[in-house]
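# Architecture at a glance
The residues making up each chain are set out below.
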Amino acid sequence: MTAPDLADWRTYDAPTLPRVLDAALERFAEQGYHGTSIRDLAAEAGLSVPGVYHHYRSKQEILLALMMAVMDELLERSAAALADAPDDPSAQFDALVESLLRFHMFRRRQAFVGSSEIRSLVPENRQRYVERRDEQQRMLDRVVVAGTASGVFGTPYPEDAARAVASLCVGVASWYREDGPLTPDELVARHLVLARGLVQA
């Protein structure tokens, strides 16, 4: 996947994935991992079956590569949002929540595959993916804990609140539509109010 422009983490162009991973995203989102064969992926990618195996050893390797690429983009955007924010927990919280919200608006299919197909990863691959996913949660945990310690946030349960905020953001992928009643900026503004409430800002 092409790395996003870290100077503008709010901007989302069409995702650029390697040919096979782009095909996997489409087929896994529509048919599920177990409902998709290597032949299906080859047809979607415009390759022969041996052509797919030239790039990846197995369908499992394709799934892991896709999910890690998606998580890498999320982590890069989150890090860029934090770097762009002033050095105080309130501003960093807002930036991180906004980044999470925008990702789950504009990368809905990727987020859907990431959440629904974790069950399809073999144990060692699941562990690798969960470790990467947990990096994102730790970013949010650190900001909320710092805000609580400094008195900016009043929640007595900072890590629980951070998990609730993450769930709020992730859930957007299940219902947001570009032709819905809220613009992206309106959705961000509304959900920032909800997220600040969870940490008692």
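Since the structure is predicted, the reported quantities are computational estimates derived from the model, not experimental observations. (Residues numbered from 1 in each chain as written. Predicted model: local features only at pLDDT ≥ 70, side-chain atom pairs only at ≥ 80, totals over all residues. Heavy atoms only, no water.)

Okay, the packing of helix H8 (residues 158–171) against helix H9 (residues 184–199) next. Working note: a packed helix pair is described by the angle between its axes plus the distance between those axes. Interaxial distance between H8 and H9 falls to 9 Å at its minimum, and their mutual angle equals 165 degrees. Considered as vectors, H8 and H9 are oriented roughly antiparallel to each other. For the crossing formed where H8 meets H9, the hand is right-handed. Across the interface between the two elements, Ala161, Ala164, Val165 and Leu168 of H8 pack against His191, Leu194, Ala195, Leu198 and Val199 of H9. Residue composition of the contact of H8 with H9, grouped by class: eight nonpolar, one polar and no charged. (Axes fitted to C-alpha atoms, helices over the stretch in contact; angles between N-to-C directions. Helix = DSSP H or I, 4+ residues; strand = E, 2+ residues; numbered from the N terminus. Parallel < 35°, antiparallel > 145°, perpendicular 65-115°, else oblique. Left-handed = near helix turned anticlockwise from the far one by under 90°. Contact = heavy atoms within 4.5 Å. Nonpolar A, V, L, I, M, F, W, Y, C, P; charged D, E, K, R; others polar.)

The subject of this paragraph is H9. For H9, which comprises 16 residues, the first-to-last C-alpha distance of 22 Å matches the rise-based estimate of 22 Å (1.5 Å per residue) to within 8%. Among the residues of H9, Leu187, Val188, His191, Leu192, Ala195 and Val199 are the ones counted as buried. One side of H9 carries all its buried residues, which in axial view fall inside an arc of 135 degrees. Residues of H9 that are buried in the fold lie against helix H5 (89–106), helix H7 (123–150) and H8. In the stretch just after H9, Gln200 is the one whose phi turns positive, near 55 degrees. (Expected span 1.5 Å × (residues − 1). Buried < 20%, exposed > 50% of the residue type's maximum accessible area, 1.4 Å probe, protein only. Arc of directions from axis to C-beta.)

A word on unusual backbone geometry. Positive phi, close to 55 degrees, is recorded for Gln200, a residue that is not glycine. Relative to the helices and strands, Gln200 resides in the segment after H9.

The next thing to look at is the nonpolar core. Grouped together as the largest cluster of nonpolar side chains are 55 residues, with contacts concentrated most on Phe28, Ile62, Leu66, Phe93 and Leu140. Listed by contribution, the elements that provide at least two residues to this core are helix H1 (19–31), helix H2 (38–45), helix H4 (59–84), H5, H7, H8 and H9. Of the residues forming this core, the biggest block, 12 residues, is contributed by H4. Not counting chain neighbours up to four residues away, the residues in contact with Leu140 comprise Phe93, Leu96, Leu100, Ala162, Val165 and Ala166. In terms of nonpolar packing, the next biggest core, distinct from the first, is built from five residues, Trp9, Ala80, Ala81 and Ala85 among them. (Core = buried A, V, L, I, M, F, W, Y, C linked by side-chain atoms within 4.5 Å.)

In this section: the packing of aromatic side chains. Per the counting criterion, the structure on display carries three aromatic pairs. When the centroid spacing of 5.4 Å and the interplanar angle of 65 degrees are considered together, the rings of Phe28 and Tyr33 count as edge-to-face. With respect to burial, Phe28 and Tyr33 carry one shared label: buried. Sitting above the plane of the Tyr33 ring, Lys59 keeps its charged end 4.3 Å from the centroid. Positioned above the aromatic ring of Tyr12 is the side chain of Arg77, whose terminal nitrogen or guanidinium carbon lies 3.6 Å from the ring centre. (Phe/Tyr/Trp six-rings, centres within 6.5 Å; stacked < 30°, edge-to-face > 60°. Lys NZ or Arg CZ within 6 Å of the ring centre and 35° of its normal.)

Note on placement: Ser99 falls in helix H5. Residue Ser99 is classed as buried on the basis of its relative accessible area, which comes to 1%. Contacts of Ser99, omitting those with residues within four sequence positions, involve Trp9, Tyr12, Arg77, Ser78 and Ala81.

We now examine the UniProt feature "DNA-binding region" (unreviewed entry) in the protein. Mapped onto this numbering, the UniProt entry gives "DNA-binding region" (unreviewed entry) at residues 37–56. The annotated region residues 37–56 carries 75% helix and 0% strand content, and the separation between its end C-alpha atoms amounts to 14 Å. (UniProt positions renumbered as here; feature names shortened; annotations may be inferred.)

So, on to H5. When the terminal C-alpha atoms of H5 are compared, their 26 Å separation across 18 residues agrees well with the 26 Å that a helix rising 1.5 Å per residue should span. Between the side-chain oxygen of the N-cap and the backbone nitrogen of Ser90 there are 3.1 Å, and the N-cap of H5 in question is Asp88. (Polar contact = N/O pair within 3.5 Å; in protein donor to acceptor, adjacent residues only side chain to side chain.)

So, on to the pattern of salt bridges. Opposite charge on two side chains makes pairing possible when the charged atoms of those side chains draw close. Here the structure, examined in full by the defined rule, presents 16 salt bridges. In this structure, Arg77 and Glu73 form a salt bridge, with 2.8 Å as the shortest nitrogen-oxygen distance. Of the two residues, Arg77 and Glu73 are both situated in helix H4; the distance of four residues between them amounts to about one turn of the helix. Under the relative-accessibility criterion, Arg77 is labelled buried at 3%. For Glu73, a relative accessible area of 3% gives the class buried. (Salt bridge = Lys/Arg side-chain N within 4 Å of Asp/Glu carboxyl O.)

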